[in-house]
Amino acid sequence: MNALRILNNSILSNLLVAAICACALAASAASSPYTGFHATTPAGYDVLTLRPAGTEVSFLGLIECPELEGVQHVSAGMNARVISADGAPLRQFPRNFSFRITASLRKSVLSGPSGEVASSENPQDFLLKLKFNLKAYDGLAVNQIEPESVQMIGVPADIPYDERVYRVSFSIDKMPITDRFVLEVISPNDERLTRFHFDLL
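For clarity, every value in this text was computed on a predicted model and none was experimentally measured.

Peer 1: Help me understand the environment of Thr55 in this model?
Peer 2: In this structure, Thr55 sits in strand S3 (residues 55-64). Owing to a relative accessible area of 22%, Thr55 belongs among the partly exposed residues under this scheme. Excluding its chain neighbours within four sequence positions, the residues that come into contact with Thr55 are Leu48, Thr49, Leu50, Leu105 and Pro123.

Have a look at this one:
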């Protein structure tokens, strides 16, 4: 019963993530000088084909940062600025945030594959061996930031399953909102699979 409950919770959770992404894409179609952030913000998705297995693996990204709830991105270009929920200018990134990455072997309804990746791993084992790098960009300068923790949430690793959810958490020093973060998803063979962006301007 516990295993079934975990599976059901995982399915419901990922349906919610997909719904959030759909809402965000619909909202982005509206023309507005104000863009709102939330405690959970969609970071995009990607689909790849594993070779020689021929299995599709989809990646869905979500940024988790409670401090961003109510934050607004105002205007664009040289006049762009970020305003906190209480109306004060936001000048630095929140110290703590996480990327929630869902890697799934289920047939994607989001899009077709954007590329292929060679792997001799069993597809389910492939999902268990993913790694993550975070890069911080300040203009042309690039720094790599190590995760504070990487947790597999939802279905335990010892239960065979076609989907894995990772929470990759970071704690950073004072960094200006003009910086940009890119989370790279890395294969068991140390090949970059896809990227998820986190920026405020």
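There's plenty left to go through after this.
Peer 1: Please explain the sheet that holds S3 as it appears in this structure.
Peer 2: Reading across from one edge, S7-S2-S3-S6-S11-S10 is the order of the 6 strands in this open sheet, with mixed pairing throughout. Only two strands of the sheet have a single neighbouring strand rather than two, namely strand S7 (115-118) and strand S10 (149-153). Between one strand axis and the next, the sheet turns through 30° on average, direction left out of account. Pairing analysis gives 7 bridges linking S3 to strand S6 (residues 96-104), with the strands arranged antiparallel. By the bridge assignment, Glu64 is partnered in S6 with Ser98.

Peer 1: What is the right way to look at the nonpolar core in this model?
Peer 2: Soluble globular proteins: nonpolar side chains tend toward being buried together. The biggest cluster of nonpolar side chains holds 38 residues, and the ones touching the most others in it are Phe59, Phe97, Phe99, Leu130, Phe181 and Phe198. When residues of this core are traced back to their parent elements, those giving at least two are strand S2 (40-51), S3, S6, helix H2 (123-128), strand S8 (131-138), strand S11 (163-171), strand S12 (180-186) and strand S13 (192-198). A total of 4 residues in this core trace back to one element, the largest contributor, which is S6. With residues near it in sequence (within four places) discarded, Phe198 still touches Ile63, Leu68, Phe93, Phe97, Phe99, Arg180 and Phe181.

Peer 1: Could you clarify how one ought to interpret the pattern of salt bridges in this entry?
Peer 2: It is possible for side chains bearing opposite charge to pair when their charged atoms get close. One pass over the structure, following the stated rule, counts 10 salt bridges. Between Glu121 and Lys129 there is a salt bridge whose closest N-O contact spans 3.1 Å. Overall, Lys129 belongs to the partly exposed group, its relative accessible area being 40%. The residue Lys131 makes a salt bridge to Asp190 at a minimum N-O spacing of 2.3 Å. Taken together, the residues span a long stretch of sequence, with Lys131 in strand S8 and Asp190 in the loop between S12 and S13 at a distance of 59 residues. Owing to a relative accessible area of 57%, Asp190 belongs among the exposed residues under this scheme. Salt bridges sharing common partners tie together Arg106, Asp162 and Glu163.

Peer 1: For this particular structure, what's the right way to read the sheet that holds S8?
Peer 2: In sheet architecture, strand pairing relies on hydrogen bonds along the backbone and comes in two forms, parallel and antiparallel. Spatially, the 4 strands line up as an open sheet ordered S9-S8-S12-S13, and their pairing is antiparallel. Edge positions in the sheet fall to strand S9 (141-145) and S13, since each has one partner strand and no second. Between one strand axis and the next, the sheet turns by 25° as a mean value, whatever way the strands run. Of the pairings in the sheet, the one linking S8 to S9 comprises 5 bridges and is antiparallel in character. Counted as the bridge partner of Leu134 is Ile145 from S9.

Peer 1: Looking at this model, I keep getting lost on unusual backbone geometry. Mind explaining?
Peer 2: Note: most residues except glycine have negative phi, and most peptide bonds are trans. Cis geometry marks the peptide bond from Arg51 to Pro52, where omega comes out at 10°. Its place among the elements puts Pro52 in the loop between S2 and S3. Phi at Asp190 takes a positive value of approximately 65°, unusual for a residue other than glycine.

Peer 1: What's the story with the side chain of Asp179 in this structure? I'm lost.
Peer 2: Topologically, Asp179 is positioned in the loop between S11 and S12. For Asp179, the contacting residues outside a window of four places in its chain are Phe93, Tyr137, Asp138 and Asp199.

Peer 1: What's the story with the pairing of S13 in this structure? I'm lost.
Peer 2: Two faces make up the sheet, and in a regular strand the side chains alternate between them. In this sheet, S13 lies alongside S12 in antiparallel orientation, the contact comprising 6 bridges. Along S13, the bridge assignment pairs Ile186 with Arg192. Hairpin connection, S12 to S13: the antiparallel pair is bridged by 5 residues, and Asp190 has positive phi, about 65°.

Cut-offs applied
- Every chain begins its residue count from 1, and numbering advances along the sequence as written.
- With the structure being a predicted model, the display of local features is reserved for residues of pLDDT at least 70 and the display and counting of side-chain atom pairs for 80 or more, all residues being used for whole-chain, interface and lining totals.
- As a rule here, side-chain values come from all non-hydrogen atoms in the structure, and water together with hydrogens is ignored.
- Numbering goes from the N terminus for both helices and strands, where a helix is a DSSP run of H or I of at least four residues and a strand is a run of E of at least two.
- A simple rule labels every residue: compare its accessible area, found with a 1.4 Å probe on the protein chains alone, to the largest value its type can have, and call it buried under 20%, exposed over 50%, or partly exposed in between.
- Here, two residues are considered to be in contact whenever any of their heavy atoms come within 4.5 Å of each other.
- When DSSP locates at least two bridges between a pair of strands, those strands are taken to pair.
- Axis definition: a line fitted to C-alpha atoms, over the contacting stretch in the case of helices. Angles run 0 to 180 degrees between N-to-C directions.
- Residues grouped as a nonpolar core are buried Ala, Val, Leu, Ile, Met, Phe, Trp, Tyr and Cys residues, joined through side-chain atoms within 4.5 Å.
- A pairing counts as a salt bridge when a side-chain nitrogen of Lys or Arg comes within 4 Å of a carboxyl oxygen of Asp or Glu.

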